[in-house]
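Next come the chains, spelled out residue by residue.
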Amino acid sequence: MEIKTAKFITSVATPDNIKDFGAGEIAVAGRSNVGKSSFINYLTGRKGLAKTSSTPGKTRLLNYFAVNDGQFMLVDLPGYGFAVKLSDDERRRWDALMGTYLTSSPRLKLVLVLMDIRREPSELDKQMVSFLAAHIVPFAVVLTKADKLSRAAAGRQKSAIASVLKLGVDNIIITSSLNKQGKEDVCAVIEKYLAE
Ligand SMILES: Nc1nc2c(ncn2[C@@H]2O[C@H](COP(=O)(O)OP(=O)(O)O)[C@@H](O)[C@H]2O)c(=O)[nH]1
Ligand SMILES: [Mg+2]
């Protein structure tokens, strides 16, 4: 599978506005500042598609992008682990939007969970992975910013992260949007899960 075109369709702020476009959905999740917007732009080959924001954690929306004229939808989920603490109200809204989407979208085929390759997975990363596993939502871990490490160190980090998360290494993909690394592997996993 090759991503040829990608187009922003809409943003959704509340659970009752979650959309069904009649196509499979690939969601992208991760802590704010993990490189999610950069990853989406790299993956789709469209520099300004997802805004790389200077104010992490500002976006609490689901953003839908149509890939290859609707072959599938890419869904950009709100970043978690905000630099700025959320009020209880904002937290509840965020949980409701994410929780509802992840557990009730009938077209959701795969969640790509992004994590910084240099870091130990955070509590929130672990919670996301256990949440997806508990709700039987297919997911793969995408390690970002691999350009920050040597090849050997990146390989070691991949094994270490796999072991912390209790996952097989096959479910973890090394990427760098800066060095344009890992797109083929990500596209292969997307293709595999879209077919299921
Ligand atoms: N070295 C490096 N930095 C990256 C990469 N991807 C993103 N960044 C940087 O990480 C920061 C956050 O990126 P952004 O895509 O806005 O993250 P988001 O908050 O998860 O959407 C920015 O300063 C980016 O330039 C990467 O592959 N390599
Ligand atoms: Mg972003």
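Provided above is the structure to which this section pertains.
Summarised in this report is the structure supplied together with it. Predicted, not measured: the structure shown is a model, and the values here were computed from it. (Residues numbered from 1 in each chain as written. Chains lettered and ligands numbered in written order. Predicted model: local features only at pLDDT ≥ 70, side-chain atom pairs only at ≥ 80, totals over all residues.)

### A closer look at the overall build of the protein
The following threshold applies: Here a helix means four or more residues in a row that DSSP labels H or I, a strand means two or more in a row labelled E, and each is numbered from the N terminus. Neighbour density around each residue's C-beta defines its exposure: 20 or more other C-beta atoms within 10 Å make it buried, 12 or fewer make it exposed, and counts between make it partly exposed, where C-beta atoms are placed from the backbone. Throughout, a residue-residue contact means that the two C-beta atoms, derived from backbone geometry, are no farther apart than 7 Å.
Counting its secondary structure elements, the protein contains five helices and seven strands. Taken from the N to the C terminus, the helices and strands of the protein come in the order β-β-α-β-β-α-β-α-β-α-β-α. Expressed as lengths along the three principal axes of its C-alpha atoms, the size of the protein is roughly 45 × 40 × 35 Å. A burial count over the protein gives 35% of its 196 residues as buried. By sequence separation, contacts in the protein at least 24 residues apart represent 74% of the contacts at least 6 residues apart.

### A short note on the sheet that holds strand β6 (residues 139-144)
Inclusion rule: In this description, strands pair whenever DSSP reports at least two bridges between them. Angles here are taken between N-to-C directions and fall from 0 to 180 degrees, while the axes themselves are lines fitted to C-alpha atoms, restricted in helices to the stretch in contact.
As summarised here, the arrangement of the seven strands in space is β1-β3-β4-β2-β5-β6-β7, forming an open sheet in which the pairing is mixed. In this open sheet, the two edge strands, each paired with only one partner strand, are β1 (6-12) and β7 (172-174). Strand after strand, the sheet turns through a mean of 25° between neighbouring axes, direction not considered. Across six bridges, the pairing between strand β2 (residues 24-30) and strand β5 (residues 108-116) is parallel.

### A closer look at the nonpolar core
Stated formally: Residues of type Ala, Val, Leu, Ile, Met, Phe, Trp, Tyr and Cys that are buried and joined through C-beta atoms within 7 Å form what is called a nonpolar core.
Residues Val28, Leu74, Leu112, Val113, Leu114, Val142 and Leu143 are the most contacted members of the largest nonpolar core, which totals 46 residues. With six residues, β5 is the largest single contributor of residues to this core. Excluding residues that lie within four positions of it along the chain, Val113 makes contacts with Ala29, Gly30, Met128, Val129, Phe139, Val141 and Val142.

### With respect to the site of ligand 1
As a reminder, the rule being used: We call a residue near a molecule or strand when its C-beta atom, built from the backbone, sits within 6 Å of it. Charged residues are taken to be Asp, Glu, Lys and Arg, nonpolar residues to be Ala, Val, Leu, Ile, Met, Phe, Trp, Tyr, Cys and Pro, and polar residues to be all remaining types, Gly included.
Taken together, 19 residues lie around ligand 1, and Gly35, Lys36, Ser37, Ser38 and Leu178 are the ones closest in. With three residues, helix α1 (residues 36-44) is the single largest residue contributor to the shell around ligand 1. Residues belonging to the shell around ligand 1 are distributed by class as follows: three nonpolar, twelve polar and four charged.

### What about the environment of Ala195?
Tracing the chain through its elements places Ala195 in the segment after α5 (183-194). Considered as a pair, Ala195 and Gly24 are 171 residues apart in the sequence and their alpha carbons are 9.1 Å apart.

### Observations regarding the pairing of β6
Let me state the cut-off plainly: Whether a crossover is right-handed depends on one test, that the path from the first strand over the helix to the second runs clockwise when the strands point away from the viewer.
Within β6, six of the six residues are buried, leaving the element largely enclosed by the surrounding structure. Side chains Phe139, Val141 and Leu143 of β6 all project onto a buried face; the interleaved residues Ala140, Val142 and Thr144 project onto the opposite face, where all are buried too. As paired strands, β5 and β6 are joined by six bridges and run parallel to one another. Looking at the pairing, Asp116 lines up with Thr144 of β6. One crossover worth recording links β5 to the parallel β6 by way of helix α3 (residues 123-134), and it is right-handed.

### With respect to unusual backbone geometry
The phi dihedral of Asn33 is positive, around 80°, even though this residue is not glycine. Positionally, Asn33 belongs in the loop between β2 and α1. Overall, the presence of 16 C-beta atoms within 10 Å leaves Asn33 in the partly exposed class. In the Ramachandran plot, Lys145 falls in the positive-phi region, its phi being about 65° despite a non-glycine side chain. Topologically, Lys145 is positioned in the loop between β6 and α4 (151-165). Residue classification places Lys145 among the buried residues on the basis of 23 C-beta atoms within 10 Å.

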